[in-house]
Amino acid sequence: MAATTIRGSAPTDPVLWVAVASCAGGVALVAPLPTLSALVLVGVLLARAGARWLLLAAVVALGAGAARAHRTIARYERARSATIDAGSWPARCTARGVISRSPTMLGGGLRVELEADEVRCRDGPPLEGRITLHVPQDDQDSDATLARGDVVSVLASLAPPYRFWNDGSDPRPLSTRRGVVLSGGAEDVVVDREGSGLAWAIDRVRAHVRRRILATFPAETSAMARALVLGEDDLPEQDQRAFRRSGLAHLLAVSGMHLVLVVMGLVAALRALLVRLPVVAARTDAARIAAGAGLPVAWIYAEIAGGSGSAVRAAWMCSVALLARALARRTAPWRALGLSVLAMSLVDPLAAFDVSFVLSALATTGLVALARPIEDAMATHLRVRDRTLPVFVARPLATTAAATIACAPVLATMAPELPLSGLLANVVAVPLGEAAALPLCLVHAVLAGWPAAESGCAAAASGALLLVRVVARAFTWGALPVPSPTAEELGVFAASASGAALGRPRRWLGLGAIALVLLEALARARGAPEGVLRVTFLDVGQGDSALVDLPDGSAMLVDGGGLVGSPIDVGERAVASLLAARRRSRLAAVVLSHPHPDHYLGLSSGLARVRVDSFWDTGQGEAEGTAGAYAELLADLRGRGVSVLRPADLCGPRTVGGAVVEVLAPCPDVVSDRGANDNSFVLRIRFGDRAILFTGDAEHDEEAELVERLRADGGLRADVLKIGHHGSRTSSSAPFVEAVAPGVAVISCGVRNRFGHPHPSTLETLERAGVRVLRTDRDGSVVVTTDGRSLDVRTMTAR
């Protein structure tokens, strides 16, 4: 097919439209209405432009992509459910299988992915599937024995991975792409049989390069060098934040641009060498030979660099361009981009959920479509003392602006701000990164046999990397706060951009802007509904957190979750994410039921961008001198001017946001001879005829006191009961459940908890009482909505 121009629009290519439709098939599964609406609009435009055959091809590609994505997700979900049901997790297991992905260094150890054909855990049934292991590294030489294709036996503590399925997000495509059914830390790894082949050899090269970087680079730059050469995302949190906020994260990732620069540079060098060989120059076209030689180089480099989505997409695009050159043909940029996207979607039906791939494709689109017009506009309208900007300034500004504009909608889903200072930061840092740090790091990788040169190269590369880091830290200002776009808003972005490409860009961009304003107003109204009480019990793993939307449009948060001993920050992953999706910038109250880390660790990051009017705390933690994150949380909130209220201030009923909130315990104050669990805040929130009871981690002593004090007058009655202590056998006694008489019980627990929550005896008690049980580890977050009369309960798995 030849590239076409539709009604005078910018050059487009049928292959690109089909590729986009194929990728959209997977997206349609999780956001069907926005995706299909956008595609119908684009289809109408294509039909009006006379490209009905292209419309038919796109519809077929969409259907095929959706069907393949559905089968892939369904297959993984069955495997995951079977694994969860197979035992109590985590468990000590033995496994045997083949290393399937290149090992990467993370947190002082190796992350290894294993396709296990046999996993045995305790007395459970034998399992199989993909396992991710963290293998501790005591010395820098030990990773030389692990590579793709190696058959290994392992002893490890394993459990199904967390995925935090909360309202407004669907983690199934991402977890399906990873395909991991078990993960954990390895205690022992034995190589039964070494692998062979190209992938095995590439991993050996990666291990060698990693060792030399660790041996010759200073500690403060070795992580940056590994990121640049091997694609290993292991930077300290401060550096990650600085590069992200300055818009320079792409410089320390193996981006498509890096691959193109390296591969095309090597092809140009080979061509320059061949034209100087008379025997070659006289008989053939040196450029064609060099292009043909560059084809395998693109893929080998992509693999050495970690095989990220952006690197693989760039390898496909390079392959198209190089193959065309080797065959003495020409290919347009749109055609090369379309073929690379189509190839990725055919290999992976869920490629649209690979953020690195999507950002790479969008950045390339922006560079091809917008860089030249922006540069021309700058030459016309942006002058300094009646002179145009120098090319070495204008061109980087234009390319950065073009890539940023194209990537902005996706970047907004990843962080609550867009790095406007990145426009200037890239002008300074890109030459340092791409002309100095990158080539120096690559040259360093081949100098192991020449120690003096290797050390000198490492010193020079470190200098360049440190300068890039200085720029990143200097340009963290100027971030533009943005809301995380909804699925509908992303659909409008896609539809308006497509309409602009197909003709009349001003009209379509203007209509898109109007639609975005209306949709944002709708998102804010949905996030803060009035006239109803809505409680969202979050999936925070093994912990507790609930967002309460009050009838007057305000909200309160009960607990913030927290994974003890895990690097995962549920405050950022779950609490802050939901607050942002609901457009919540203020909370009337935050309640900490009791000072245990699985209830408060997520509050610090979860509340970082939110104004809090009051913080409800039992005070037991402060009285007992609890230090660490709890003390830091209180100090931070007090420093922000937040009122800290204790049981004496709170006991009894009060109206908050149009609902009646009753603090039932501990009243009038904590009981000194009880632990924190039995001093949990117990809250009953009433609206109209309906009530919801929160019990924190209350156990039998506190439950018995409540039953004795409140049972007679129905003061414990509730339609929904948040089960105490994650379903432990020390909570939810039969008399307490009888006194509450709930229709629905919500258990907040994680798929990997060593306590065995929920306990079978608790589930049996609830079953005898005829209570419908919902669990965040199985059902995802649970959303309860009432107008004071009716009660609607939905889960993520049943929507």
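Predicted, not measured: the structure shown is a model, and the values here were computed from it. (Residues numbered from 1 in each chain as written. Predicted model: local features only at pLDDT ≥ 70, side-chain atom pairs only at ≥ 80, totals over all residues. Heavy atoms only, no water.)

### Let's talk about the nonpolar core
Phe217, Phe243, Leu248, Leu252, Leu259, Cys441 and Leu465 are the most contacted members of the largest nonpolar core, which totals 45 residues. Looking at this core, the elements with two or more residues in it are helix H5 (198-216), helix H6 (219-230), helix H7 (237-245), helix H8 (256-274), helix H10 (286-304), helix H11 (309-326), helix H15 (422-444) and helix H16 (451-474). Apart from the residues lying within four places of it in its own chain, the contact partners of Phe243 are Met224, Leu235, Leu248, Ala249, Leu252, Val468, Arg469 and Ala472. The next biggest cluster of nonpolar side chains, apart from the first, holds 30 residues, and it includes Leu538, Val540, Leu563 and Val610. (Core = buried A, V, L, I, M, F, W, Y, C linked by side-chain atoms within 4.5 Å. Buried < 20%, exposed > 50% of the residue type's maximum accessible area, 1.4 Å probe, protein only. Helix = DSSP H or I, 4+ residues; strand = E, 2+ residues; numbered from the N terminus. Contact = heavy atoms within 4.5 Å.)

### Points about the layout of surface pockets
To locate leftover empty space, one rolls a probe as large as a water molecule over the atoms. Considering only enclosed or pocket space, the second largest pocket measures out at about 320 Å³ in volume. Forming the boundary of the second largest pocket are 14 residues, of which Tyr301, Ile304, Leu442, Ala445 and Val446 lie nearest the centre. Breaking the lining of the second largest pocket down by element, the ones donating at least two residues are H5, H8, H10 and H15. Here the lining of the second largest pocket takes four residues from H10, the largest share from any one element. When the residues that make up the lining of the second largest pocket are grouped by side-chain class, the tally is 14 nonpolar, no polar and no charged. (1 Å grid on protein atoms, 1.4 Å probe; cavity = no way out; pocket = protein on both sides within 12 Å on 5 of 7 lines; lining within 4 Å. Points joined across faces, edges and corners; volume = space filled by probe spheres on them. Nonpolar A, V, L, I, M, F, W, Y, C, P; charged D, E, K, R; others polar.)

### Examining the state of the cysteines
For the structure on display, the rule yields two disulfides. One disulfide bridge connects Cys93 with Cys121, the sulfur atoms lying 2.0 Å from each other. Between Cys93 and Cys121 the disulfide shows an S-S torsion of about 110 degrees. By sign, it is right-handed. Here the residue Cys93 occupies a position in strand E1 (residues 91-99), and Cys121 occupies one in strand E3 (residues 109-121), the gap between them amounting to 28 residues. Neither residue differs from the other here; Cys93 and Cys121 are each classed as buried. In this structure Cys318 is a free cysteine whose sulfur lies 18 Å from that of Cys407, the closest cysteine sulfur available. Judged by its relative accessible area of 2%, Cys318 is buried. (Disulfide = S-S within 2.5 Å.)

### Regarding the packing of H8 against H15
At a minimum axis distance of 12 Å, the contact between H8 and H15 shows a crossing angle of 70 degrees. Regarding the angle of H8 to H15, the classification is roughly perpendicular. Handedness of the H8/H15 crossing: right-handed. Of the residues in H15, those in contact with Met257, His258, Leu261 and Val262 of H8 are Glu434, Leu438 and Leu442. In the contact of H8 with H15, the residues fall into five nonpolar, one polar and one charged. (Axes fitted to C-alpha atoms, helices over the stretch in contact; angles between N-to-C directions. Parallel < 35°, antiparallel > 145°, perpendicular 65-115°, else oblique. Left-handed = near helix turned anticlockwise from the far one by under 90°.)

### Digging into a positive patch on the surface
A contiguous patch of positive charge, built from Arg101, Arg111, Arg178 and Arg573, is present on the exposed surface. Residue placement: Arg111 occurs in strand E3. (Patch = residues over 30% accessible without salt bridge, like charges linked within 9 Å, V, L, I, M, F, W, Y side chains within 5 Å. Areas by Shrake-Rupley, 256 points an atom, 1.4 Å probe, with all protein chains shown as cover. Salt bridge = Lys/Arg side-chain N within 4 Å of Asp/Glu carboxyl O. Lys, Arg positive; Asp, Glu negative; His and termini not counted. Charge placed at Lys NZ, Arg CZ, Asp CG, Glu CD.)

### Quick notes on the pattern of salt bridges
Oppositely charged side chains can form a pair if their charged atoms are brought close together. Enumeration over the complete set of coordinates arrives at 52 salt bridges. The partner of Glu118 in a salt bridge is Arg120, and the shortest N-O contact between them spans 3.0 Å. Glu118 gets classed as partly exposed once you look at its relative accessible area, which sits at 35%. A salt bridge links Glu705 to Arg674; its shortest N-O distance comes to 3.0 Å.

### Quick look at empty space enclosed by the protein
Throughout the structure, instances matching the rule amount to four cavities of 30 Å³ or more. Taken as a whole, the largest cavity spans an internal volume of roughly 110 Å³. Arg80, Arg163, Asp539, Thr776 and Asp777 are the residues nearest the centre of the largest cavity, which is lined by 16 residues in total. Looking at which element gives the most residues to the lining of the largest cavity, the answer is helix H28 (residues 776-779), with four residues. Within the lining of the largest cavity, the residues separate by chemical class into five nonpolar, five polar and six charged. Counted as a void, the second largest cavity has a volume near 100 Å³. Around the second largest cavity, the lining comprises 15 residues; the ones closest to its centre are Asp544, Val558, Asp559, Phe694 and Lys722. When residues of the lining of the second largest cavity are traced back to their parent elements, those giving at least two are strand E12 (545-549) and strand E13 (555-560). Here the lining of the second largest cavity is composed, by residue class, of seven nonpolar, five polar and three charged.

### Comments concerning the sheet that holds strand E17 (residues 614-617)
Strand order across the open sheet formed by eight strands is E18-E17-E15-E13-E12-E11-E26-E27, with mixed pairing between neighbours. The open sheet terminates on both sides in strands that have one partner only, identified here as strand E18 (643-645) and strand E27 (791-795). Averaged over all pairs of adjacent strands, the angle between their axes in this sheet comes to 15 degrees, without regard to strand direction. Where E13 lies against strand E15 (residues 589-592), three bridges are found, and the strand directions are parallel. Along E15, the bridge assignment pairs Val558 with Val591. (Pairing = 2+ DSSP bridges.)

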